[in-house]
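Notes for the structure review
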Amino acid sequence: MSEPVAWSPEGTPHSPRFGDIYRSAAGGLAQARHVFLAGCGLPQAWAGQRHWRILETGFGLGLNFLAAWRAWKDDPHRPQLLHFVSVEAFPVAADDLLRSVRPHPELQPLAADLAAQWWGLVPGVHRLVFEGGRVVLTLGIGDARSALQEQDFQADAVFLDGFDPARNPAMWDLPLLKAVARLCRRGAAVATWTVAAAVRHDLAQCGFVADKAPGLPPKRDCLRGRFDPAWPLRQDAAPAAATPGSAVVVGAGLAGSAAAAALARRGWDVQVLDRADAPAAGASALPAGLLAPHASPDDNLLSRLSRSGVRMTLQQASARLCAGRDWDHSGVLERRAAPARVADLGEPGQPWQQPRPDGLWHAAGAWIKPAALVRAWLAEPGVRFTGRAQVARLHRLEDQWEAADAQGLPLARADLVVVAAALDSAALLPAPVALHPVRGQVSWQLHGGELPMPASPVNGNGHFLPAVPLESGMAWLTGSTYGRGETSLQPLPQDQFANLNRLRTLLPEVAACLQPAFDAGAVNAWCGVRCASSDRRPLLGPVAPGLWVSTAMGSRGLTFAWLCAELLAARLHGEPLPLPERLAAALDVARQIPRDG
């Protein structure tokens, strides 16, 4: 359930849990600007920077985030990318976010955008994206110290916020401040409204140099400082984050196009090479795919990874695709052969999973045309596609990589190469990676609405999409088979009837209506070969200096492609991670290629 907020008649928000106010009725924005922004030298400090990373210890009603976002919008010298990382154990309702900014008209449009993405905030990390991806909120829901320990980046500025130390001491204790210090670069600014002696003492122990500064009346003082410990830091000897330059991405499917767009957004000049004439020629040519989170009784690794991926893909589809033509936020009904109790993910009606008499409802589900998403990502400024370019080998030339064809003729040369060529990826990498083909066949047919169809897509043992607009008309689709080790792209009659048999379990009435078309051979087939790893999780990460891989999306390319692309960009540039560190490690190619050291 959302954290309750009590509002006084004059508009002051109170926390019943902690017996303290979030802020005064009208002074919250002034405090955010004076104590936190000015306390960290903003906006002047970020002028001309490629990116800026702010760390906050208590999101509350989001006023500090909205103030920083507003300052970014109003600053002609703003950084290209603003990262704001915050933690919150008890997220409030979206309505309270909106009510909080009523006294501040300049924040109301921003708060409306925030409220629109303020859903499904179960424990974990949630990535919310604004301004076409140039303002990124990474929100850790849960215990603050645990959430910070799951991150890996270097903050440029720190907002220490939260309820009074006497009322919520865990937000100000030494272990929490140590977790903050671990995420600071040397010289990072720090600001807070409290000048409590214990807080100042613990900050000094953690390497912060802080002094009292004039506060915002009626408060006499606030605290301002910087992270500058007397001892050496691991980061002092660490390699610097990558500087955008030239990049080559091998493969123009979901994984490759997503990586290209994520890099281009950060200033890279990206060339995408593919052996086919046009993008999305492989498994990404599927007419339409289903996007739905995985549900499990214990909320296992795949379930948590899929939630992160689904949220991020929905954001991309909403921002880049045409609703009703390229995709539809339709929701998905999951039906199981035997009812199973799944993990409780919060209040009834939230979008991750809601039990219903006929199955499990995923309000966050959608159908998407993968090729439309590929084309949209390749349309990102800074990306160019080159077809009929089959990369046969990669080799290092001084400080760059060269991609060459089978005759040894150079195709492209760049500072960075990302291999996202599905099964072909293994041959291009300097160390062995086990990739496995998985053939999938989908059955489909045009219809004019004359058949009884479910109101939404249904999945379980297979899936059924009742209404997808194709160029030739409205179609239903069902499948897919999962042929491990198979690579043939020829339609197989036995796979058509395998799809029908799955449909009999999933939707018996629909299967009965469609059986005559299957029997008559009137149902169309689409075949593709997916690429999977041994543990059916993507493989992402560096395999040599300047050489990265992003592949093995398996049957969840729509779920994982953008998540992996953003994780790649975060690792490369020292940005906040889009998911907890332990989940990021579950995707790391290092589980197949141990890194030196």
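This text gives an overview of the structure that appears in the document. Small disclaimer: the values here were computed from a predicted structure and weren't measured.

A short note on the overall build of the chain
Looking only at helices and strands, one finds 15 helices and 32 strands in the chain. Relative to a compact globule of 597 residues, whose C-alpha radius of gyration would be 25 Å, the chain shows 26 Å and is just as compact. Referenced to the eigenvectors of the C-alpha coordinate spread, the extents of the chain come out at roughly 85 × 60 × 40 Å. Restricting the contact set of the chain to residue pairs at least 6 apart, pairs at least 24 apart contribute 72%. When the accessible area of the chain is evaluated, it comes to approximately 24,100 Å², of which 53% is carbon and sulfur surface. Across the chain, 56 positive and 54 negative side-chain charges occur, with their mean positions spaced 1 Å apart.

Examining empty space enclosed by the protein
Within the structure shown, the criterion is met by 4 cavities of 30 Å³ or more. There is about 60 Å³ of room inside the largest cavity. Around the largest cavity, the lining residues are Arg50, His51, Gln80, Leu81, Arg265, Arg266, His573 and Glu575. Here the residues of the lining of the largest cavity sort into 1 nonpolar, 3 polar and 4 charged. Its volume calculated, the second largest cavity comes out at about 40 Å³.

A word on the sheet that holds strand 4 (residues 51–56)
Pairing is mixed across the open sheet formed by 8 strands, whose spatial order is 6-7-5-4-8-9-11-10. Only two strands of the sheet have a single partner each, and these edge strands are strand 6 (124–130) and strand 10 (208–214). Ignoring which end each strand starts from, the neighbouring axes of this sheet average 20° apart. Pairing geometry for strand 4 and strand 5 (residues 81–88), over 6 bridges, is parallel. Its bridge partner being in strand 5, Leu55 is matched across the sheet by Val85.

Section: the environment of Leu301
When you line up the elements, Leu301 lands in helix 9 (residues 301–320). What makes Leu301 partly exposed here is its relative accessible area of 24%. Along the primary structure Leu301 and Leu583 are separated by 282 residues, whereas in three dimensions their C-alpha atoms are 7.4 Å apart. Apart from the residues lying within four places of it in its own chain, the contact partners of Leu301 are Arg537, Leu583 and Ala586.

Points about the environment of Trp548
Tracing the backbone through its elements, the reader meets Trp548 in strand 32 (residues 547–551). For the pair Trp548 and Ala260, spaced 288 residues apart in the sequence, the C-alpha separation amounts to 12 Å. Setting aside residues up to four positions removed in sequence, Trp548 forms contacts with Leu416, Val417, Val418, Val419, Gly541, Pro542, Leu568, Arg571 and Leu572.

What to know about helix 10 (residues 370–378)
Counted residue by residue, helix 10 has 8 buried out of 9 residues, so it is predominantly covered. Where helix 10 is concerned, the buried positions are Pro370, Ala371, Ala372, Leu373, Val374, Ala376, Trp377 and Leu378.

Structural notes on the packing of aromatic side chains
Applying the stated criterion to the full structure yields 18 aromatic pairs. One aromatic cluster is present, formed by Phe36, Phe59, Phe65, Trp69, Phe84, Trp118, Phe130 and Phe159 through successive ring pairs. Positioned above the aromatic ring of Phe90, the side-chain terminus of Arg17 is 3.7 Å from the ring centre.

A short note on the state of the cysteines
Taken as a whole and assessed by the stated rule, the structure comprises 0 disulfides. The thiol of Cys564 is unpaired, and the distance to the nearest cysteine sulfur, on Cys531, comes to 12 Å.

Here's the deal with the sheet that holds strand 1 (residues 6–7)
In spatial order, the strands read 1-2-3; together these 3 strands make up an open sheet with antiparallel pairing. On the outer flanks of this sheet lie strand 1 and strand 3 (20–21), each paired with one strand and no other. One ladder, built from 2 bridges, connects strand 1 with strand 2 (residues 13–15); its direction is antiparallel. Among the inter-strand pairings, Trp7 is bridged to a residue of strand 2, identified as Pro13.

Observations concerning unusual backbone geometry
The omega torsion of the bond from Leu42 to Pro43 falls at 10°, within 30 degrees of zero and hence cis. Within the fold, Pro43 resides in the loop between helix 1 (28–37) and strand 4. The omega angle of the peptide bond from Gly479 to Ser480 is -5°, so this bond is cis rather than trans. Mapped onto the elements of the fold, Ser480 is located in the loop between strand 28 (473–479) and strand 29 (483–484). If you check the backbone angles, Arg388 has positive phi at about 55° while not being a glycine. Within the secondary structure, Arg388 sits in the loop between strand 20 (383–386) and strand 21 (393–397). According to the relative accessible area criterion, Arg388 is exposed, its value standing at 68%. A positive phi angle is found at Ala422, which is not glycine, with a value near 55°. Position of Ala422 among the secondary structure elements: in the loop between strand 24 (416–419) and helix 11 (425–428).

Reading guide: rules and limits
Residues numbered from 1 in each chain as written. Predicted model: local features only at pLDDT ≥ 70, side-chain atom pairs only at ≥ 80, totals over all residues. Heavy atoms only, no water. Helix = DSSP H or I, 4+ residues; strand = E, 2+ residues; numbered from the N terminus. Rg over C-alpha atoms; globule rule 2.2 N^0.38 Å. Contact = heavy atoms within 4.5 Å. Areas by Shrake-Rupley, 256 points an atom, 1.4 Å probe, with all protein chains shown as cover. Lys, Arg positive; Asp, Glu negative; His and termini not counted. Charge placed at Lys NZ, Arg CZ, Asp CG, Glu CD. 1 Å grid on protein atoms, 1.4 Å probe; cavity = no way out; pocket = protein on both sides within 12 Å on 5 of 7 lines; lining within 4 Å. Points joined across faces, edges and corners; volume = space filled by probe spheres on them. Nonpolar A, V, L, I, M, F, W, Y, C, P; charged D, E, K, R; others polar. Pairing = 2+ DSSP bridges. Axes fitted to C-alpha atoms, helices over the stretch in contact; angles between N-to-C directions. Buried < 20%, exposed > 50% of the residue type's maximum accessible area, 1.4 Å probe, protein only. Phe/Tyr/Trp six-rings, centres within 6.5 Å; stacked < 30°, edge-to-face > 60°. Lys NZ or Arg CZ within 6 Å of the ring centre and 35° of its normal. Disulfide = S-S within 2.5 Å.

Note that every value here comes from positions in space, so none of it alone points to a role or purpose.
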